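Breakdown of the fold
So the chains spell out like this:
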Amino acid sequence: MKTLIVYAHPEPKSLNGSLKDLAVSTLATAGHEVRVSDLYAMNWKAVVDAADYGPDASRPLKVALDSGRAFDAGTLTPDVLAEQEKLWWADTIIFQFPLWWYTMPAILKGWVDRVFTFHFAYGVGEHSDTKYGERFGEGTLAGRKALLSVTAGGPEAHYAARGINGPIDDLLFPIHHGILYYPGIEVLPPFVLYGTDQMTGEDYPNVAKAWEQRLLTLESTEPIAFRPQNFGDYEIPSLHLKKGLEPAGRTGFGLHVRS
């Protein structure tokens, strides 16, 4: 297995840093190839601008179209091209980050904004009476798996169905479904650590054991059963879930997961 770890935390000695290091050593010891994109160490540029597209940038800037034109021409900046090459190379992508303000750190969102360009991650496939492009279960990154390894400062109860922060599955849905599944990546259930603000060194051995177990079962773990777009569950072109397919009482994001 070839694994890319995209790591987003500014402190190498943080819990996130330890989990990243443990992932590298555990997977390498098990015989897997591992690459790491340490975004803070790389001084990753988080904002999209015309400089990303060089001679293919238009005026006024049109991010989607310009990014696709630069991708097709091979004129994206070297840092973006390098990350795209890593994604082509990888079988599995692990995203290691803290949950900040209910989402990923800005530097990681900037990685997505710049790397997931038009034609690389979206904007492909036919549009017809039966298909609406190749996305949500199809796409350029199909055949890969991804796992979010997330640390949350608050206790688990705050992220439960009636918790004040909202269910963790809902908070992560925009990443799982909207960023990863959209270009065809299969999404594994996340590894989430709660109450990390109160953790001590004495807690770490149990955390490390649980993380090692998840890492060593990546290949056998079933992905989240998101509904593919073009295979009968959705009306086209409205892309509404067909009536009667939802489990009784299910609403919201959960509609898009098969029971």
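Residues numbered from 1 in each chain as written. Predicted model: local features only at pLDDT ≥ 70, side-chain atom pairs only at ≥ 80, totals over all residues. Heavy atoms only, no water.

All right, on to the UniProt feature "domain: Flavodoxin-like fold" (unreviewed entry) in the protein chain then. In the UniProt entry, the feature "domain: Flavodoxin-like fold" (unreviewed entry) is given for residues 1-215. In this annotation, residues 1-215 is assigned 34% helix and 14% strand; the end-to-end C-alpha distance for the span is 11 Å. (UniProt positions renumbered as here; feature names shortened; annotations may be inferred. Helix = DSSP H or I, 4+ residues; strand = E, 2+ residues; numbered from the N terminus.)

In terms of residue burial, helix α5 (residues 168-181) counts as a mostly covered element, since 10 of its 14 residues are buried. Of the residues making up α5, those classed as buried are Ile168, Leu171, Leu172, Phe173, Ile175, His176, His177, Ile179, Leu180 and Tyr181. Contacts made by the buried residues of α5 are with β3 (92-98), α4 (106-115), β4 (145-151), β5 (186-187) and β6 (191-193). (Buried < 20%, exposed > 50% of the residue type's maximum accessible area, 1.4 Å probe, protein only. Contact = heavy atoms within 4.5 Å.)

So, on to empty space enclosed by the protein. One pass over the structure, following the stated rule, counts one cavity of 30 Å³ or more. Contributing to the lining of the largest cavity are Phe95, Phe97, Met104, Leu108, Val112, Leu148, Ile175, Ile179 and Leu180. For the lining of the largest cavity, the elements supplying multiple residues, two or more each, are β3, α4 and α5. Top contributing element to the lining of the largest cavity by residue count: α5, with three residues. (1 Å grid on protein atoms, 1.4 Å probe; cavity = no way out; pocket = protein on both sides within 12 Å on 5 of 7 lines; lining within 4 Å. Points joined across faces, edges and corners; volume = space filled by probe spheres on them.)

Mapped onto the secondary structure, Leu216 falls in helix α6 (residues 204-216). With near-sequence residues (within four places) excluded, Leu216 lies in contact with Thr26 and Ala30.

Further remarks concern the pairing of strand β2 (residues 33-38). For a regular strand, the rule is simple: side chains alternate between the two faces of the sheet. As paired elements, strand β1 (residues 2-7) and β2 share six bridges and run parallel to each other. Within the sheet, the bridge partner assigned to Ile5 lies in β2 and is Val36. Since β1 and β2 lie parallel, the crossover through helix α1 (residues 15-29) that links them has a hand, and here it is right-handed. (Pairing = 2+ DSSP bridges. Right-handed = clockwise from strand over helix to strand, strands pointing away.)

Packing of α1 against α6 leaves a shortest axis separation of 10 Å and a crossing angle of 45 degrees. Considered as vectors, α1 and α6 are oriented oblique to each other. Once α1 is placed against α6, the crossing between them reads as right-handed. Across from Leu15, Ser18, Leu19, Leu22, Ala23, Thr26 and Leu27 in α1, the residues of α6 making contact are Tyr204, Val207, Ala208, Trp211, Glu212, Leu215 and Leu216. Taken together, the residues of the contact of α1 with α6 sort by class into 11 nonpolar, two polar and one charged. (Axes fitted to C-alpha atoms, helices over the stretch in contact; angles between N-to-C directions. Parallel < 35°, antiparallel > 145°, perpendicular 65-115°, else oblique. Left-handed = near helix turned anticlockwise from the far one by under 90°. Nonpolar A, V, L, I, M, F, W, Y, C, P; charged D, E, K, R; others polar.)

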